[in-house]
Amino acid sequence: MAGRRVNVNVGVLGHIDSGKTALARALSTTASTAAFDKQPQSRERGITLDLGFSCFSVPLPARLRLAIPAPDPALEAGPGLSESQLQVTLVDCPGHASLIRTIIGDGDTRAQAGRALGPGVTRHAGAQIIDLMMLVIDVTKGMQTQSAECLVIGQIACQKLIVVLNKVDLLAEGKRQAAIDKMTKKMQKTLENTKFQGAPIIAVAAKPGGPEAPETEAPQGISELIEVVKKVKSMQMFHMPVTSAMQGDRLGICVTQFDPKLLERGLVCAPESLHTVHAALISVEKIPYFRAPLQTKAKFHITVGHETVMGRLMFFSPAPDSFDHEPVLDTFNFSKEYLFQEQYLCKDLVPGAVSSGQASEVGQAAEGQYPRQQWALVEFEKPVTCPRLCLVIGSRLDTDIHANMCRLAFHGILLHGLEDKNYAESLLPRLRVYKLKHKHGLVERVIDNYNVIGRSLFKKETNIQLFVGLKVQLSTGELGIIDSSFGQSGKFKIHIPGGLSPESKKILTPSLKKRSRASGGEIAKQEEVVERPETTQHVTLNLSFKRYVFDTHKRMVQSP
């Protein structure tokens, strides 16, 4: 029986000019046509512009022979392979947008299928093709902007990490080991509060002497790095001579009598696994290192599926009494009501950023209570094709790469895609997101025990008829109902079904004063004259109602 070839995909990530491509070249024994910056544009500019694929193979470790079930046709490597091999495919990642697409895009369809990786291990929704991440650090510079962003992405989408301290040949020989030890301790400290605590840290010189050095200069530290890579346990298929291939495998297909210039980059997938959406409902979790608030109506670079497009967001949360409910990450419930948010609620919420109409609703947030789950409606500037439950990352990629700030803003899961181009009319009315509105006014005077006149709640031009029947709360405790308009100045009549209490009537009814009217120095008559006291105690009115964001009729709704 022929041996097996089992593949593991390793993403090579890091800051620009940290030596990612040189490291991939030093490790690899076989390269694809796109490897090592073979594109003329890449060579001209001296940077990686597209994904590069290359690989090396080592004997399949004994523990993996036991962990992986008996071979099936999809695992057969074909004739000529006498010993089972572990093939390590290196994915050399270029600029930032492509980097994110590599991590979260290429494996979406496989995540949808939930392909098994080994005993007791399966892909969950949102997991991607990169099994392990090599974070390449220029040892002379340490963590840089994109290094930190790669680490953030790794925490979202990967389970395994190796840190590679590259360019150790640039360190003074007498102080080299001390400098490597110092940088190793710094990286251990950086990883301390991440899922990658204790990750291996390997020092190498992928291209001693730099890009212009002769090829005779042998890389340093590569054998030690390969030994670490061999320990990775999450395995999956690749494209070497096999009778079939699965999602995530890099597959070369020979097609005769075909002009490759006519081929565009696209997707190969199982029927019905991908959908083209114009908008989406996603769960949202802010990345703590992003300093700015996440504002409703703001635009972000949204990476989903294989694309990065601009998208406008609207944030919403559960009602405050549901803040503590357990998060649900695999579905969206259209039957529930949600509270509109001017911005994502979190501990670094900017004081005063919440509108006064929302103040009471987010009072719990002000007291240190925050929703365990929040959502956003994302409206894409152009349609995107992706599966349900795929990973979504929001970024500000237009920020200066050299600025000392994280450009990754949030991540989440796509829970529901809106495929209808006219989703605003056909689907959004189902989304019960409401704004809580508050209006405040005053009681001007009493008509009788059951009716009062109010003012200062509406403008003169307001159609008060729209508010007839809504309940208002008096500061004295009574509940009233708006009955009708009163005059032409925005005043209105309020009916109080339970009647005014004696205490309220005392507050609202002006006191009586006796005033003498003199005539010729003598008191001719004493009469009662009603005088409003100089300091009348005001009784305020509060009108609260919900208005649903996507209700085409703009109705005002109050709880029973």
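Conventions we followed
- Residues numbered from 1 in each chain as written.
- Predicted model: local features only at pLDDT ≥ 70, side-chain atom pairs only at ≥ 80, totals over all residues.
- Heavy atoms only, no water.
- Helix = DSSP H or I, 4+ residues; strand = E, 2+ residues; numbered from the N terminus.
- Buried < 20%, exposed > 50% of the residue type's maximum accessible area, 1.4 Å probe, protein only.
- Contact = heavy atoms within 4.5 Å.
- pLDDT = per-residue confidence, 0-100.
- Pairing = 2+ DSSP bridges.
- Axes fitted to C-alpha atoms, helices over the stretch in contact; angles between N-to-C directions.
- Expected span 1.5 Å × (residues − 1).
- Salt bridge = Lys/Arg side-chain N within 4 Å of Asp/Glu carboxyl O.
- Disulfide = S-S within 2.5 Å.
- Patch = residues over 30% accessible without salt bridge, like charges linked within 9 Å, V, L, I, M, F, W, Y side chains within 5 Å.
- Areas by Shrake-Rupley, 256 points an atom, 1.4 Å probe, with all protein chains shown as cover.
- Lys, Arg positive; Asp, Glu negative; His and termini not counted.
- Charge placed at Lys NZ, Arg CZ, Asp CG, Glu CD.
- Arc of directions from axis to C-beta.

## A word on the overall build of the protein chain
Alright, step 1. The helix and strand inventory of the protein chain stands at eleven helices and 25 strands.
Alright, step 2. A burial count over the protein chain gives 46% of its 560 residues as buried.
Alright, step 3. Considering only intrachain contacts with a sequence separation of at least 6, the fraction spanning at least 24 residues in the protein chain is 72%.

## Considering the confidence of the model for the protein chain
Alright, step 1. For the protein chain, per-residue confidence averages 78 on the pLDDT scale, and 70% of positions sit at 70 or higher.
Alright, step 2. Predicted confidence for residues 105–127 stays below pLDDT 50, and this span has 60 contacts to residues more than four positions away or in other chains.
Alright, step 3. Low confidence marks residues 232–243, where pLDDT is under 50. Its contacts with residues over four positions away, or in another chain, come to 49 contacts.

## Focus: the sheet that holds strand β4 (residues 85–92)
Alright, step 1. A sheet is described by the order of its strands in space; here seven strands give the open sequence β2-β3-β4-β1-β7-β8-β9, paired in mixed fashion. Looking at which strands have only one partner, the edges of the open sheet turn out to be β2 (30–31) and β9 (201–203).
Alright, step 2. Sheet topology note: the strand β8 (residues 161–166)/β9 ladder contains three bridges and is parallel. Looking across to β9, one finds that Val 164 is bridged to Ile 202.
Alright, step 3. Running at roughly 165° to strand β7 (residues 132–138), helix α6 (residues 145–157) makes contact with β1 (5–14), β7 and β8 of the sheet.

## Topic: α6
Alright, step 1. An ideal rise of 1.5 Å per residue puts 18 Å on 13 residues; α6 measures up with 19 Å between its terminal C-alpha atoms.
Alright, step 2. All buried positions along α6 are accounted for by Thr 145, Gln 146, Ser 147, Glu 149, Cys 150, Leu 151, Val 152, Ile 153, Gly 154, Ile 156 and Ala 157.

## Focus on the pairing of strand β20 (residues 479–486)
Alright, step 1. The sheet contact formed by strand β19 (residues 471–474) and β20 spans three bridges and is antiparallel. Its bridge partner lying in β20, Lys 471 is registered against Ile 481.
Alright, step 2. Counted along the chain from β19 to the antiparallel partner β20, the turn is four residues long, and its residue Gly 477 has a positive phi close to 110°.
Alright, step 3. Note: β20 against strand β21 (residues 491–495), five bridges, orientation antiparallel. Across the sheet, the residue bridging to Ser 484 is Lys 493, located in β21.

## What about the pattern of salt bridges?
Alright, step 1. One pass over the full model with this rule turns up ten salt bridges.
Alright, step 2. The partner of Lys 167 in a salt bridge is Asp 138, and the shortest N-O contact between them spans 3.5 Å. Of this pair, Lys 167 sits in the loop between β8 and α7 (176–191) while Asp 138 is found in strand β7, placing the two residues 29 residues apart along the sequence.
Alright, step 3. By relative accessible area, Lys 167 is classed as buried at 18%.
Alright, step 4. Among the salt bridges present, the one from Arg 407 reaches Glu 149, with a minimum N-O distance of 3.1 Å.

## Examining the state of the cysteines
Alright, step 1. Within this structure, the stated rule accounts for zero disulfides.
Alright, step 2. Free of any disulfide, Cys 386 has its nearest neighbouring cysteine sulfur in Cys 390, separated by 4.2 Å.

## Topic: a positive patch on the surface
Alright, step 1. On the surface, a cluster of positive charge is made up of Lys 297, Arg 312, Lys 435, Lys 437, Lys 439, Lys 459 and Lys 554.
Alright, step 2. Within the fold, Lys 459 resides in the loop between β18 (451–455) and β19.

## Looking at the pairing of strand β15 (residues 391–395)
Alright, step 1. Most of β15 sits inside the fold, with five of its five residues counted as buried.
Alright, step 2. Neither face of β15 is exposed, since Leu 391, Ile 393 and Ser 395 on one face and Val 392 and Gly 394 on the opposite face are all buried.
Alright, step 3. With four bridges joining them, strand β11 (residues 299–304) and β15 adopt antiparallel strand pairing. Looking at β15, one finds that Val 304 is bridged to Val 392.

## Topic: α7
Alright, step 1. Over its 16 residues, α7 extends 22 Å from the first C-alpha to the last, a length consistent with the 22 Å expected when each residue adds 1.5 Å.
Alright, step 2. Those residues of α7 that fall on the buried side of the exposure criterion are Ile 180, Met 183, Thr 184, Met 187 and Leu 191. One side of α7 carries all its buried residues, which in axial view fall inside an arc of 110°. Exposed residues pointing more than 90 degrees away from the buried face of α7 are listed as Ala 178, Lys 182, Lys 185 and Lys 189.
Alright, step 3. Its buried side turned inward, α7 meets β7, α6, β8 and β9.

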